Amino acid sequence: MLFQIYKVHENKLSEQLADDNPYKKKLIAMETPKEKHPIYSTLVFSLLAYCWVFLGIMLIKHLYGNLFSIINLIFVSCCVAITYKKDYLTGINPKYRRNLYIIYFLIFCFSWTIAVTDYGSASYKEIFDLLLLRTINHKSYVALALISYITLGISMSFYRCPYELYRVFYSLQKTYSFYKNDNTIIKRNYPFVFFLIITLPILIYIVFNEMEGEDLNMMKMLSFPMICYPIQYCTCMILARKYFKNFKQ
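This one's a predicted model, so the numbers in the text were calculated from it and none came from an experiment. (Residues numbered from 1 in each chain as written. Predicted model: local features only at pLDDT ≥ 70, side-chain atom pairs only at ≥ 80, totals over all residues. Heavy atoms only, no water.)

1. Looking at the overall build of the protein
Reasoning step 1: When helices and strands are tallied, the protein shows eleven helices and zero strands.
Reasoning step 2: Order of helices (α) and strands (β) in the protein, N terminus to C terminus: α-α-α-α-α-α-α-α-α-α-α.
Reasoning step 3: Expected size for 249 residues packed as a compact globule is a radius of gyration near 18 Å; at 20 Å, the protein falls within 12% of this value.
Reasoning step 4: In terms of overall dimensions, the protein has a C-alpha envelope of 65 × 40 × 35 Å along the principal axes.
Reasoning step 5: Counting contacts in the protein only where the partners sit at least 6 residues apart, residues at least 24 apart contribute 79% of the total.
Reasoning step 6: Within the structure as shown, the protein displays about 12,900 Å² of accessible surface, and the carbon and sulfur contribution to it stands at 64%.
Reasoning step 7: If the 27 positive side-chain charges of the protein are averaged to one point and the 16 negative ones to another, these points end up 6 Å apart. (Helix = DSSP H or I, 4+ residues; strand = E, 2+ residues; numbered from the N terminus. Rg over C-alpha atoms; globule rule 2.2 N^0.38 Å. Contact = heavy atoms within 4.5 Å. Areas by Shrake-Rupley, 256 points an atom, 1.4 Å probe, with all protein chains shown as cover. Lys, Arg positive; Asp, Glu negative; His and termini not counted. Charge placed at Lys NZ, Arg CZ, Asp CG, Glu CD.)

Written out as structure tokens, the structure reads:
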């Protein structure tokens, strides 16, 4: 969805409400781009700093996978620098779309490398301990990769205002006529958000464990793109729905 090319169409829902409607001001606020994004910035820089601390501890412990982790974290840090506070989420800019294709291809390459080199198993408690640096072992490089790609997913989820995300669905509808109207496309796709959230713990478990069977092996190879992209998708879907919901109320 975010990779599709579409013609941008404007449809500010606040203009369809009367001046005395209590939701008009809310919609105008959601249509107004903001200069500062403290939650977004805090998450990106805090997680990125944690990744570098994580790597430093791994290097001190001389663990397996250090060279891979260094290359991977340099790649993620460069991608964060490229995507930070850039409009990658709406897919309007052709240059950004091209960058996304390249970034996700390279994420898949790193994901495939982990899938073929990782061995052994880990319980949910062990995974939790690895992510919090309570445990340092041969699977720490997998934990670092997981945190780094979550960081990158957040970095690529920048938006100036919720209206811009709603406009994605409205413009897709106008360009391709998927459904009767923009509300339908949001309602039909919104349950997928819950599916992604529910399956996330399962996907994280697959990342840290050896899998038997072709399907599970394929999921392990695609695990990091499948963790990174849904952060963008869910951000876009949840905020677009919130904007439209205020209008309907």
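Moving on, there is more to tell.
2. Quick look at a nonpolar patch on the surface
Reasoning step 1: Taken together, the side chains of Y101, I102, F105 and L106 define a hydrophobic patch exposed on the protein surface, amounting to about 390 Å² of accessible area.
Reasoning step 2: Relative accessible area serves as the criterion here: at 45%, I102 is assigned to the partly exposed category. (Patch = residues over 30% accessible without salt bridge, like charges linked within 9 Å, V, L, I, M, F, W, Y side chains within 5 Å. Salt bridge = Lys/Arg side-chain N within 4 Å of Asp/Glu carboxyl O. Buried < 20%, exposed > 50% of the residue type's maximum accessible area, 1.4 Å probe, protein only.)

3. Side note on the pattern of salt bridges
Reasoning step 1: All chains considered together, the criterion is met by six salt bridges.
Reasoning step 2: Of the charged contacts in the structure, one is a salt bridge between D19 and K24, with a shortest N-O distance of 3.9 Å.
Reasoning step 3: Of the residues examined, D19 reaches a relative accessible area of 69% and is grouped as exposed.
Reasoning step 4: A salt bridge links D118 to K220, with the shortest nitrogen-to-oxygen separation between them at 3.2 Å. In this pair, D118 sits in the loop between α4 (94–117) and α5 (124–131) while K220 sits in helix α10 (residues 214–221), placing the two residues 102 residues apart along the sequence.
Reasoning step 5: Ionic contacts of the salt-bridge type, sharing partners, join the residues D118, K139 and K220 into one network.

4. Structural notes on the layout of surface pockets
Reasoning step 1: Taken as a whole, the largest pocket holds about 720 Å³ of empty space.
Reasoning step 2: Lining the largest pocket are 30 residues, and of these L200, L203, M226, I227 and P230 sit closest to its centre.
Reasoning step 3: Contributions of two or more residues to the lining of the largest pocket are made by α2 (38–61), α5, α6 (140–155), α9 (191–208) and α11 (223–248).
Reasoning step 4: The class makeup of the residues in the lining of the largest pocket is 29 nonpolar, one polar and no charged.
Reasoning step 5: Considered as a void within the structure, the second largest pocket measures approximately 510 Å³ in volume.
Reasoning step 6: Surrounding the second largest pocket, 21 residues form its lining, H37, I39, Y40, Y159 and L239 being those nearest its centre.
Reasoning step 7: Of the residues that constitute the lining of the second largest pocket, the class distribution is 13 nonpolar, four polar and four charged. (1 Å grid on protein atoms, 1.4 Å probe; cavity = no way out; pocket = protein on both sides within 12 Å on 5 of 7 lines; lining within 4 Å. Points joined across faces, edges and corners; volume = space filled by probe spheres on them. Nonpolar A, V, L, I, M, F, W, Y, C, P; charged D, E, K, R; others polar.)

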